[in-house]
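Residue-level structural notes
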Amino acid sequence: MSTLKAVRGTRDLLPSETALWNRIEATARAVFARYNFGEIRTPVFEDTALFARGVGEETDIVSKEMYTWEDRARAQSEKTQSLTLRPENTAGVVRAYIEHQLGETGQLQKLYYIGPQFRRERPQKGRYRQFSQIGAEVIGPTSAGSESPLRDAEVLEMLATLLDEMGITGWTLELNSVGSAADRARYNEALRAALAPVVDKMCVDCQRRAVTNPLRVLDCKVAADQPIIDTLPVISDSLDEASRVHFAAVTAALDAAGVAYTRNHRLVRGLDYYTRTTFEFTHGGLGAQNALLGGGRYDGLSEMLGGPRAPGIGFAMGEDRLVLTLQALEAAHAPKADAFIAPLGEGLNPAALALAKELRRAGLRVELGEGGFRLKKSFEAADKTARRIVIMGEDELQSGILTVKDFATGLQTKVPRAELAVFLSKPAGE
Ligand code: ATP
Ligand code: MG
């Protein structure tokens with residue numbers, strides 16, 4: 001019998017990892033509480049129509065990534081229904097907002113969630129088929145101030161605080177405005193016109209998007225299309241006065257709060273519901289999947305789902321990517337030994353111990369290897385635990401000249417034993 005394994009794109013999190021997950025979630029809950037957000041938990045599966053309408057038919061998520069099935073009726077009174085594992089949580093939160101008439105309170109609703117999402121994507125580092133998002137939404141009637149640019153800036157400032165408190169250093173906030181529905185319609189026309197003469201040189205997806213939803217061309221990741229995309233008009237030129245004023249107010253409040261950002265004219269985000277402010281926080285340490293989180297304003301979403309007017313803004317952070325980033329940062333900062341002593345053969349173990357004692361007594365942090373290991377294995381162990389490796393072979397023992405390799409620079413140096421402690425106490429890379 002073949003052994004059963006976790007499904008492709010899904011993972012088990014063992015105790016060695018869940019501690020970090022719990023720490024991240026605890027920090028998120030504590031920060032959300034200080035900004036006066038409350039938790040919402042919506043079902044893991046919903047009516048497929050919610051995502052088709054709320055996320056948009058033309059998006060990658062709806063067109064190819066959803067786990068959808070026909071749920072058979074169990075009784076005469078039930079109908080067969082198309083259901084979908086949630087690929088994101090904003091549509092579910094807004095559905096709940098409408099269903100429970102939360103707008104009737106007249107107050108802004110500030111809701112956060114933490115939980116699994118599902119997308120049929122090609123699994124790779126930072127990209128899974130089941131992944132977890134930590135997200136929040138600020139939504140409410142216009143009379144509660146839900147359209148105010150201050151709400152956008154407050155959410156962005158909260159995110160900066162949240163990432164800082166989690167210990168994620170080195171993030172970048174990329175910011176843009178995609179304007180109102182009317183601005184986007186105007187921009188789509190400008191794009192359509194600019195694309196007409198060049199689109200036949202672009203990928204098939206872009207050829208389709210140029211007809212159905214030109215804005216999505218900006219999401220294209222195909223390298224050969226990038227020079228063409230760089231020549232296309234930018235959305236900021238299509239924004240009307242109200243959208244410009246709104247965006248300027250967001251950036252002014254960010255400046256006042258000392259939150260740094262960069263403008264990214266191509267940031268239109270993969271979901272159709274965004275209006276005005278869109279943003280992403282990225283981190284260089286993540287490689288190709290560099291987005292830690294994304295979000296934006298969605299002033300028309302409630303109405304698209306059949307609800308009252310309820311402007312809002314929100315974001316979703318990829319918890320798996322927060323974990324990867326923190327693991328990499330912690331590994332980079334983990335203290336390393338000054339030296340790893342590698343005896344060349346078991347016969348040199350005693351001499352290596354004597355050398356280790358000498359260096360340790362001189363105050364150095366030293367890792368002692370094992371002469372029974374092959375040199376390659378010693379090098380691998382040394383690279384993980386120490387900044388330098390010191391080779392102790394028969395020649396070195398006789399001559400009293402030791403070979404030291406610095407992992408940061410790759411440099412190999414011959415050092416007399418009497419000078420070794422001083423040499424090793426210098427910072428690595430020098
Ligand atoms: P990407 O461009 O990386 O596909 P996206 O625009 O599809 O991201 P969103 O729908 O905005 O992502 O989701 C918000 C965040 O959720 C992303 O910034 C990312 O951190 C995380 N995320 C999205 N899809 C996945 C996935 N398949 N696996 C892990 N994390 C994910
Ligand atoms: Mg995606």
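Rules and cut-offs
- Residues numbered from 1 in each chain as written.
- Chains lettered and ligands numbered in written order.
- Predicted model: local features only at pLDDT ≥ 70, side-chain atom pairs only at ≥ 80, totals over all residues.
- Heavy atoms only, no water.
- Axes fitted to C-alpha atoms, helices over the stretch in contact; angles between N-to-C directions.
- Helix = DSSP H or I, 4+ residues; strand = E, 2+ residues; numbered from the N terminus.
- Parallel < 35°, antiparallel > 145°, perpendicular 65-115°, else oblique.
- Left-handed = near helix turned anticlockwise from the far one by under 90°.
- Contact = heavy atoms within 4.5 Å.
- Nonpolar A, V, L, I, M, F, W, Y, C, P; charged D, E, K, R; others polar.
- Pairing = 2+ DSSP bridges.
- Phe/Tyr/Trp six-rings, centres within 6.5 Å; stacked < 30°, edge-to-face > 60°.
- Buried < 20%, exposed > 50% of the residue type's maximum accessible area, 1.4 Å probe, protein only.
- Lys NZ or Arg CZ within 6 Å of the ring centre and 35° of its normal.
- Near = heavy atom within 4 Å.
- Polar contact = N/O pair within 3.5 Å; in protein donor to acceptor, adjacent residues only side chain to side chain.
- Areas by Shrake-Rupley, 256 points an atom, 1.4 Å probe, with all protein chains shown as cover.
- Expected span 1.5 Å × (residues − 1).
- Arc of directions from axis to C-beta.

This brings us to the packing of helix 1 (residues 15-34) against helix 11 (residues 319-333). Two quantities define a packed helix pair, namely the angle between the axes and the distance from one axis to the other. Helix 11 packs onto helix 1 with a crossing angle of 110° between their chain directions and a minimal axis gap of 10 Å. Taken together, helix 1 and helix 11 sit at an angle that is classed as roughly perpendicular. In the packing of helix 1 onto helix 11, the handedness of the crossing is right-handed. Residues Glu17, Leu20, Trp21, Arg23, Ile24 and Glu25 of helix 1 touch helix 11, and the partners they reach there are Glu319, Asp320, Leu322, Val323, Leu326, Gln327 and Glu330. Of the residues contributing to the contact of helix 1 with helix 11, the split by class is six nonpolar, one polar and six charged.

Our focus in this paragraph is the sheet that holds strand 2 (residues 45-47). Taking strand neighbours across the sheet as the criterion, the three strands line up as 2-4-3 in an open arrangement whose pairing is antiparallel. Both edges of this open sheet fall to strand 2 and strand 3 (68-71), since each of them pairs with a single strand only. In this sheet, adjacent strand axes meet at a mean angle of 35° when their direction is disregarded. Relative to strand 4 (residues 81-85), strand 2 runs antiparallel, the two sharing three bridges.

With that settled, the discussion passes to the packing of aromatic side chains. For the coordinates displayed, the defined rule picks out seven aromatic pairs. Between Phe45 and Trp69, the aromatic rings sit 5.9 Å apart at their centres with planes inclined by 70°, giving edge-to-face as the arrangement. With Phe45 in strand 2 and Trp69 in strand 3, this residue pair connects regions lying 24 residues apart in the sequence. Consider the rings of Phe279 and Phe281, whose centres lie 6.5 Å apart with planes at 90°: the pair is edge-to-face. Like Phe279, the residue Phe281 is buried in the burial classification. Joined through ring pairs, the aromatic side chains of Phe32, Phe37, Tyr112 and Phe315 make up one cluster. Residue placement shows Arg120 over the ring face of Tyr67; its charged tip is 4.4 Å from the ring centre. The aromatic ring of Phe373 is capped on one face by Lys377, whose charged end is 4.1 Å from the ring centroid.

So, on to the sheet that holds strand 9 (residues 275-283). Taken in spatial order, the eight strands make up an open sheet running 1-5-6-11-10-9-7-8, and their pairing is mixed. Strand pairing shows two members of the sheet lacking a second neighbour, strand 1 (38-39) and strand 8 (262-263), which therefore form its edges. As paired strands, strand 9 and strand 10 (residues 291-297) are joined by six bridges and run antiparallel to one another. Each bridged residue has a counterpart across the sheet, and for Thr278 the counterpart in strand 10 is Gly296. Packed onto the sheet, helix 9 (residues 241-257) meets strand 7 (171-177), strand 8, strand 9 and strand 10 and runs at close to 160° relative to strand 7.

The environment of ligand 1 is formed by 15 residues, the closest being Arg119, Glu121, Arg127, Tyr128 and Arg269. In this structure, Arg321 approaches ligand 1 through a side-chain N or O atom, which is 3.1 Å from an oxygen atom. Look at ligand 1: alone it shows 580 Å² of surface, and the protein chains cover 89% of it. Looking at the shell around ligand 1, the elements with two or more residues in it are strand 6 (130-139), strand 10 and strand 11 (312-318). Class assignment for the residues of the shell around ligand 1 results in six nonpolar, four polar and five charged.

Let's shift gears to helix 6 (residues 181-195). Here helix 6 spans 20 Å end to end across 15 residues, near enough to the 21 Å set by a 1.5 Å rise per residue. Along helix 6, the residues that are buried comprise Asp183, Arg184, Tyr187, Asn188, Leu191 and Leu195. Within helix 6, the buried residues cover an arc of 135° as seen down the axis, which keeps them to one side. Where helix 6 is buried, its residues contact helix 7 (204-212) and helix 9.

Let's shift gears to the packing of helix 1 against helix 5 (residues 149-166). At a minimum axis separation of 10 Å, helix 1 and helix 5 run at an interaxial angle of 145°. For the element pair helix 1 and helix 5, the recorded crossing hand is right-handed. The residues of helix 5 that touch helix 1, namely those facing Ile24, Thr27, Ala28, Val31, Phe32 and Arg34, are Met158, Thr161, Leu162, Glu165 and Met166. Partitioned by chemical class, the residues of the contact of helix 1 with helix 5 number seven nonpolar, two polar and two charged.

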